[in-house]
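What follows is the residue order along each chain.
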Amino acid sequence: MDEQYDVIVLGTGLTECILSGLLSVEGKKVLHMDRNDYYGGESASLNLNQLYRKFRDGKEPPAELGRERDYNVDLTPKFMMANGELVKVLTHTDVTRYLEFKQISGSYVYGEGKIYKVPSSEVEALTSPLMGLMEKQRAKKFFEFMQNWKDEDPSTHNGLDMDKNTMAEVFEQFKLEPATQEFIGHALALYLDNDYLKKPAREAYERIVLYMSSMARYGKSPYIYPLYGLGELPQGFARLSAIYGGTYMLDKKIEEVVYENGVFVGVKSGGEIARAKQVIGDPSYFTDKVRKSGKVIRAICLLKHAIPNTGDADSVQIIIPQSQVQRKQDIYIACVSSAHKVCPKDHYLAIVSTLVETDDPEAEIKAGLDLLGPISEKFITISDLEEPTDDGSKSNVFISRSYDASTHFESVYDEVKDIYKRITGQDLVLKKRVREEEQA
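Residues numbered from 1 in each chain as written. Predicted model: local features only at pLDDT ≥ 70, side-chain atom pairs only at ≥ 80, totals over all residues. Heavy atoms only, no water.

(A) Structural context of the overall build of the chain. If you tally the helices and strands in the chain, you get 13 helices and 19 strands. A compact globule built from 440 residues should have a C-alpha radius of gyration of about 22 Å, and the chain, at 22 Å, falls within 12% of that. Once the C-alpha set of the chain is aligned to its principal axes, its extents read approximately 70 × 60 × 50 Å. Contacts spanning at least 24 positions in sequence make up 71% of the contacts within the chain whose residues lie at least 6 apart. For the chain, the exposed surface amounts to about 19100 Å²; the carbon and sulfur share of it is 46%. (Helix = DSSP H or I, 4+ residues; strand = E, 2+ residues; numbered from the N terminus. Rg over C-alpha atoms; globule rule 2.2 N^0.38 Å. Contact = heavy atoms within 4.5 Å. Areas by Shrake-Rupley, 256 points an atom, 1.4 Å probe, with all protein chains shown as cover.)

Shown next, in the form of structure tokens:
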């Protein structure tokens, strides 16, 4: 293993695997290592026995749950926006050929003790029970404004400037009630808290339009999800890397990250050192170079029924805005089922997650658990959120952040773009190139 590489990647989380694939395509010599014997790291999908080994060590799964291989349980459940950046990466790199996707059936928001379908167009706004008659008309005008906005055409601006006016001022222009602002900001723009209201409206506008265009693409919801679970995503990018010469080593103990004068030079494993100019990895490999920024709780729940009040949907996202449960952060529920090849027929997987705010994290997600109906099995995980203490430019160590509590992937792509630029010095520009080169 005493070999020279351009980049060593530690951990097979999605962020790491995307970067490994992209850098391999760029012609970099990449070595990718993971201490685990499976792909995905914190974004892995586990079978039933692996799940029990992780959370109920020594206990066998009950026979009534079915066969172990019928399960692919995500540790960090997230959905993809149909028109989002991650889907663009998958398409441009041709990783889609290794994957199949299925739409998520519904997107819901919690309000005053009930869950409601999220309206995301002027038509849905007019029929939504979330709003009264006058508010429906105001919401319709707001959605029309969002869809019709053109930067180059001042007649579409309503006197607003997306780069100067705050989102609070945009809402005020349309006289939208706080409850309407809440579902737009949290269930469409997918903000974790209300800080966005004080910032220029451009980013919120782009998020809302992304939601609306993703919704228009398939109809029932803006989200898609890979068959057999999220663990398929890192494996797809691993295959891309391998096509371009990347080397993968799973179940490989990392004995030491080696530095000279504070600068990364290699990784020691099995008494040998693999050398490289740069290293990318998740926080678990660099405990001395990360800080804790919070905690996230996730409850993985096995159900034998669809979530009540969703019309027996085989999959849903539900967002509980923080103000509805007197919190600072939203609570997220992601549910998938046998339709997505992640559990046996007539079974469902629901994961409830949020950022921890108190000394009793499980009590914080009670409002989400209460929406699920009877729970067959529940696995609780509380993880530290970690982030690098510096940008890696001096040490050549580039560390990803932990996955947040949200149930969508847009923040993961932002992370990929950021690390890519720090490593290469260039912006990430996607070019469709895999299949053309193979056919050449």
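Moving on, there is more to tell.
(B) Looking closely at the side chain of Q322. Tracing the backbone through its elements, the reader meets Q322 in the loop between β15 (316-320) and β16 (331-337). A relative accessible area of 7% places Q322 in the buried class. Once residues within four sequence positions are removed from consideration, Q322 is found in contact with E182, H186, D193, N194, R327, K328, Q329 and D330. (Buried < 20%, exposed > 50% of the residue type's maximum accessible area, 1.4 Å probe, protein only.)

(C) Geometry of the layout of surface pockets. When its volume is computed, the largest pocket comes out at roughly 1200 Å³. Together, 42 residues line the largest pocket, and R207, D404, E410, S411 and D414 are the ones closest to its centre. Mapped by element, the contributors of at least two residues to the lining of the largest pocket are α3 (85-92), α8 (202-218), β18 (377-388) and α12 (410-424). Across the lining of the largest pocket, the residue classes tally to 15 nonpolar, 10 polar and 17 charged. What the second largest pocket holds in volume is close to 420 Å³. Lining the second largest pocket are 27 residues, and of these G41, E42, D282, P283 and S284 sit closest to its centre. With four residues, the top contributor of residues to the lining of the second largest pocket is β18. Residue composition of the lining of the second largest pocket, by class: seven nonpolar, 10 polar and 10 charged. (1 Å grid on protein atoms, 1.4 Å probe; cavity = no way out; pocket = protein on both sides within 12 Å on 5 of 7 lines; lining within 4 Å. Points joined across faces, edges and corners; volume = space filled by probe spheres on them. Nonpolar A, V, L, I, M, F, W, Y, C, P; charged D, E, K, R; others polar.)

(D) Broad picture of the sheet that holds strand β9 (residues 223-226). Within the open sheet, the three strands sit side by side as β5-β9-β6. Their pairing is antiparallel. Where the open sheet ends on each side, the last strands, each with one partner, are β5 (80-81) and β6 (101-103). (Pairing = 2+ DSSP bridges.)

(E) The arrangement of the nonpolar core in detail. Ranked by size, the top nonpolar core spans 93 residues in total, and within it F142, M146 and M167 carry the most contacts. When near neighbours in sequence (up to four residues on either side) are disregarded, M146 contacts M162, M167, V170, Y205, I208, V209 and M212. By size, the runner-up hydrophobic cluster in this structure holds 24 residues, among which are Y110, A313, I365 and L372. (Core = buried A, V, L, I, M, F, W, Y, C linked by side-chain atoms within 4.5 Å.)

(F) Representation of the packing of aromatic side chains within the structure. Counting across every chain of the model gives 13 aromatic pairs. Taken together, a centroid distance of 6.0 Å and an interplanar angle of 50 degrees make the contact between Y39 and Y248 tilted. Of this pair, Y39 sits in the loop between β2 (30-33) and β3 (45-46) while Y248 sits in strand β10 (residues 247-249), placing them 209 residues apart in sequence. You can call Y39 partly exposed: its relative accessible area is 22%. A ring pair is formed by Y52 and F379, whose centres lie 5.3 Å apart and whose planes are at 80 degrees; its orientation type is edge-to-face. In this pair, Y52 is assigned in helix α2 (residues 48-55) and F379 in strand β18, connecting sequence segments 327 residues apart. On the basis of relative accessibility, which here comes to 1%, the residue F379 falls in the buried class. An aromatic cluster is built from F142, F143, F145, W149, F171, F174 and Y205, whose rings are joined through pairwise contacts. The ring of Y5 has K29 lying over it, and the distance from NZ or CZ to the ring centre is 5.1 Å. Sitting over the ring of Y52, R56 keeps its end group 5.9 Å from the ring centre. (Phe/Tyr/Trp six-rings, centres within 6.5 Å; stacked < 30°, edge-to-face > 60°. Lys NZ or Arg CZ within 6 Å of the ring centre and 35° of its normal.)

(G) How the structure looks around the environment of L240. Mapped onto the fold, L240 is located in helix α9 (residues 232-243). Given a relative accessible area of 1%, L240 falls into the buried group.

(H) Region of the structure containing the sheet that holds β15. Here we have seven strands laid out as an open sheet, ordered β8-β7-β15-β16-β17-β14-β18, and mixed in their pairing. Only two strands of the sheet have a single partner each, and these edge strands are β8 (114-117) and β18. Taking each pair of neighbouring strands and ignoring which way they run, the sheet shows an average axis angle of 25 degrees. In this structure, strand β14 (residues 290-303) lies alongside β18, joined through 12 bridges in antiparallel fashion. Across the sheet, I297 pairs through a bridge with I382, a residue of β18. (Axes fitted to C-alpha atoms, helices over the stretch in contact; angles between N-to-C directions.)

(I) Representation of the packing of helix α1 (residues 14-25) against α9 in the model. Contact geometry of α1 with α9 gives a least axis separation of 8 Å together with a crossing angle of 20 degrees. Taken together, the axes of α1 and α9 are roughly parallel relative to one another. Between α1 and α9 lies a crossing whose hand is left-handed. Contact with α1, carried on its side by L14, C17, I18, S20, G21, S24 and V25, involves L233, P234, F237, L240 and S241 of α9 and no other residues of that element. Residue composition of the contact of α1 with α9, by class: eight nonpolar, four polar and no charged. (Parallel < 35°, antiparallel > 145°, perpendicular 65-115°, else oblique. Left-handed = near helix turned anticlockwise from the far one by under 90°.)

(J) A look at the pairing of strand β12 (residues 263-269). β12 sits mainly inside the fold: five of its seven residues count as buried. Sheet topology note: the strand β11 (residues 256-260)/β12 ladder contains five bridges and is antiparallel. If you follow E260 over to β12, its bridge partner there is V263. Between β11 and the antiparallel strand that follows it, β12, lie two residues; N261 among them carries a positive phi value of about 55 degrees. Across four bridges, the pairing between β12 and strand β13 (residues 272-281) is antiparallel. Within the sheet, the bridge partner assigned to S269 lies in β13 and is E272.

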